Amino acid sequence: MRVSVVFYELTQKWEGTVEAPQVLTCEEAAALLLRREGRNPAEELNGVIYMVDQARRFPDQSLAEGDILFVYTLLGGG
Amino acid sequence: MFGYAGKMLFVNLTNKTLEDRILDEETARNFIGGPGLGAKILYENMPAHADVFGPESMVGFVTSPFNNANVFFGGRYTVVSKSPVTGGWNDANSGGYFGPALKKAGYDAVFINGISETPVYLYIEDGKAQLYDASALWGMTSKALEAKFREIHGEKVQAAFIGPGGERMSPIAAVMNNEHRAAGRGGSGAVIGSKKLKAIVVKGEARTEVADREGLLQLNRELAANMKDGPGAGFSRAFGAYGTGAGFTNSTLSGDAGVKNWSGSGVADYPEAMSTPVGSVGIDKFKKKKYNCSNCPLGCGAIMDIPNDKMDLSDTPRPEYETQGAFGSLLLNSDPISVSQCNELCNEYGLDTISTGSTIAWAMECYNEGVLSREELDGIDLTWGNSDAIVALCEKICKGEGIGATLCQGSREACRRLGKGEEFLVVASGIEEPQHDSRLAYGLSRTYKYDPTPGRHVKGGIGMRPSGPDFDYATSGEADKAGVILSEIRNSAGYCLLGGGASPQGIIPRYLIAVTGFQYTPEEIDDLGVRIFYMRHAFNLREGMSRKSFTLSKRFTEAAPPFTGPLKDSKVDVERLADNFFEIMHMDKETLVPSKEALEAVGGLDLVIADLYR
């Protein structure tokens, strides 16, 4: 399957596309993209919020072909 | 005594007496400073059920052992009083430079009761205090007032003061320092106004001796390394560059920040194109310099120069995240200049930006739902996102003019006076909510509803961690208690909340030991946090408060249809969270009275035990 992932980090956003032979969960898709960028998913996906089609999704929920997954880091401001 | 001046000042404004009292070691060790020490002193010196605006009502300005002790992030002081909004305990803290300066002037704290017949200010220099006539200063706004104090007492003075909002006893009035730093929440500014006290002005050069200076410097080095290359590096880069509003867009889209008076969602009502210009990244083009509070290695503040033809914003502070939310997303306002205009107005007139923006949000929803008319709003067309209308109404609130005289009472009291709009109130025991939605982070709901100072996101508990269907209620009590302990110690020590994101875990107790020399064991650290919570809570119990006294608007626990976005269908069981917390804190679930055994176990609460178990 093929999905797009859009990361909203604290001060910037970036995106990429991931492909896999099996169905991906939100967390797996986000982790694939982070690993490809040489980053550490275990650290960076702790406490993020996932959203597809303006609705919240949870880490182990499956994505569908062509989904656009939004990933929001949340540090909350003051 | 290491970490302390060892002296507190008690002022009675009715008979103009000033009295020094010793801060004893046992009290310092048991309550640290800030809200802990403040609660202890007010409990002992202010009678139960005192009229909040009467002569027996007491207000305190309380430093901490970290102030003026070279502790990174250790510059915050606390204002304590009874709250004119909740009728219970209030503490609110502020950064800038006033706290360390009060310590340098020779005092750990100043407590004031009585009421002056005419406006006065208190001036303290090198351990000597005196009251001065402030008749000519009454009505002055922040920048002019501080300039006046520098003119009278020299460039090195620092001041904590109220603006015109506090003078007219607006329950959303803040206590200000350094022009734009605010102990904003809970209405202590109104209490100070009721006493006809304009300011405390301080000057001095006293040193704060610490027990283990080399150990303290080592902790500073450890913290700096954590910010540079350790787990705190990402946080420090983002917040150091953009301040508390670094993630404003994230917060609006993810369901964290309030949108449309908490009835909307970012993805549906306040999309990226609207939030990005308001957030700190969007307004970075206006930044002219960084702003650091006392001894802060991060510098989350900034001063901006914003060209516009309506208001002088050539030297204005960058709005904090809370302010961006309160005057931005909560009102569907995408105009950053208007947010800064409101921020500047609130700072100048001494009002809390969270409560002011939230009160406008309440009025805005009332107007858009046909509950309030344009005539009732003095002709202001308060449609969602109308930035000119928002600034116009904010100015009226700041000046107490027209409808502003009603709205400057805060949303709940305005609702009561106007006799309508109750369905649109979003408050915790009357306090407007900060910009973190407890339908996203469930644990916040317990803190919002039941902390001794309701409606705060800075008072510990489970905090801002996003929740979902797998939220573990079974263990919430333990996590809640751990968060409360950390928060009580952090706030009482004068350590900045934002410092927590940049710091290695567990550094605050280590700093506390290095500064004071009090050799707390880990168990004693836990007792310390619980004791301070009980002390703050005891003030409310003595006022007759119990579980039913605390309220939280339903919008903060349940996303009702037609709600869309990430919080759709979100529902938090705040009472279950509260039950878990009360149980682990050994508090009766209806009266909220802690068991005698629990109070005795933490120690230092003999007067509370005597009152509750006489």
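Computed from a predicted model, the values in this text were never measured in an experiment.

## Side note on the domain arrangement of chain B
All names here are of chain B.
At step 1: Along its sequence, chain B is carved into domain 1 (7-203), domain 2 (243-421) and domain 3 (443-612).
At step 2: For domain 1 versus domain 3, the separation of C-alpha centres amounts to 25 Å.
At step 3: Tallying the contact residues gives 42 residues for domain 1 and 42 residues for domain 3.
At step 4: Of the roughly 3400 Å² buried where domain 1 meets domain 3, counting both sides, 64% is carbon and sulfur surface.
At step 5: A salt bridge links Asp-91 to Lys-459, with the nearest nitrogen and oxygen atoms 2.2 Å apart.

## Considerations on the pairing of strand β2 (residues 17-22) of chain B
At step 1: In this structure, strand β1 (residues 7-12) of chain B lies alongside β2(B), joined through six bridges in antiparallel fashion. What sits directly across from B:Leu9, in β2(B), is B:Asp20.

## Here we look at the pattern of salt bridges
Residues and elements named next belong to chain B.
At step 1: Taken as a whole and judged by the stated rule, the model has 40 salt bridges over all chains.
At step 2: With its nearest N and O atoms 3.0 Å apart, the salt bridge here joins Glu-413 to Arg-417. Of this pair, Glu-413 and Arg-417 are both found in helix α17 (residues 411-418), four residues apart, which corresponds to roughly one turn of the helix.
At step 3: Take Glu-413: its relative accessible area is 21%, and that puts it in the partly exposed class.
At step 4: Given a relative accessible area of 47%, Arg-417 falls into the partly exposed group.
At step 5: A cluster of three or more residues bridged by salt bridges with shared partners is formed by Asp-91, Asp-451, Lys-459, Glu-488 and Arg-536.

## Some thoughts on unusual backbone geometry
All names here are of chain B.
At step 1: In this model, Lys-196 sits at a positive phi of 60°, which is unusual for a non-glycine residue.
At step 2: Locating Lys-196 in the fold gives a position in the loop between α6 (188-194) and β12 (197-203).
At step 3: In this structure, Ser-429 is a non-glycine residue whose phi angle is positive, near 50°.
At step 4: Note on placement: Ser-429 falls in the loop between β16 (427-428) and β17 (431-432).
At step 5: Judged by relative accessible area, which is 5%, Ser-429 ranks as buried.

## Concerning the interface of chain A and chain B
At step 1: The partner chain B presents 30 residues to the 20 residues of chain A that form the contact.
At step 2: Both faces combined, the contact of chain A with chain B buries some 2100 Å², and carbon together with sulfur accounts for 62% of it.
At step 3: At the boundary of chain A with chain B, the tally comes to one salt bridge.
At step 4: On inspection of chain A and its partner chain B, the count reaches eight residue pairs in polar contact (both at pLDDT 80 or more).
At step 5: Class assignment for the residues of the side of chain A that touches chain B results in nine nonpolar, eight polar and three charged.

Parameters and conventions
Residues numbered from 1 in each chain as written. Chains lettered and ligands numbered in written order. Predicted model: local features only at pLDDT ≥ 70, side-chain atom pairs only at ≥ 80, totals over all residues. Heavy atoms only, no water. Domains from an automatic or database assignment. Contact = heavy atoms within 4.5 Å. Buried area = accessible area lost by both parts, 1.4 Å probe. Salt bridge = Lys/Arg side-chain N within 4 Å of Asp/Glu carboxyl O. Pairing = 2+ DSSP bridges. Helix = DSSP H or I, 4+ residues; strand = E, 2+ residues; numbered from the N terminus. Buried < 20%, exposed > 50% of the residue type's maximum accessible area, 1.4 Å probe, protein only. Polar contact = N/O pair within 3.5 Å; in protein donor to acceptor, adjacent residues only side chain to side chain. Nonpolar A, V, L, I, M, F, W, Y, C, P; charged D, E, K, R; others polar.

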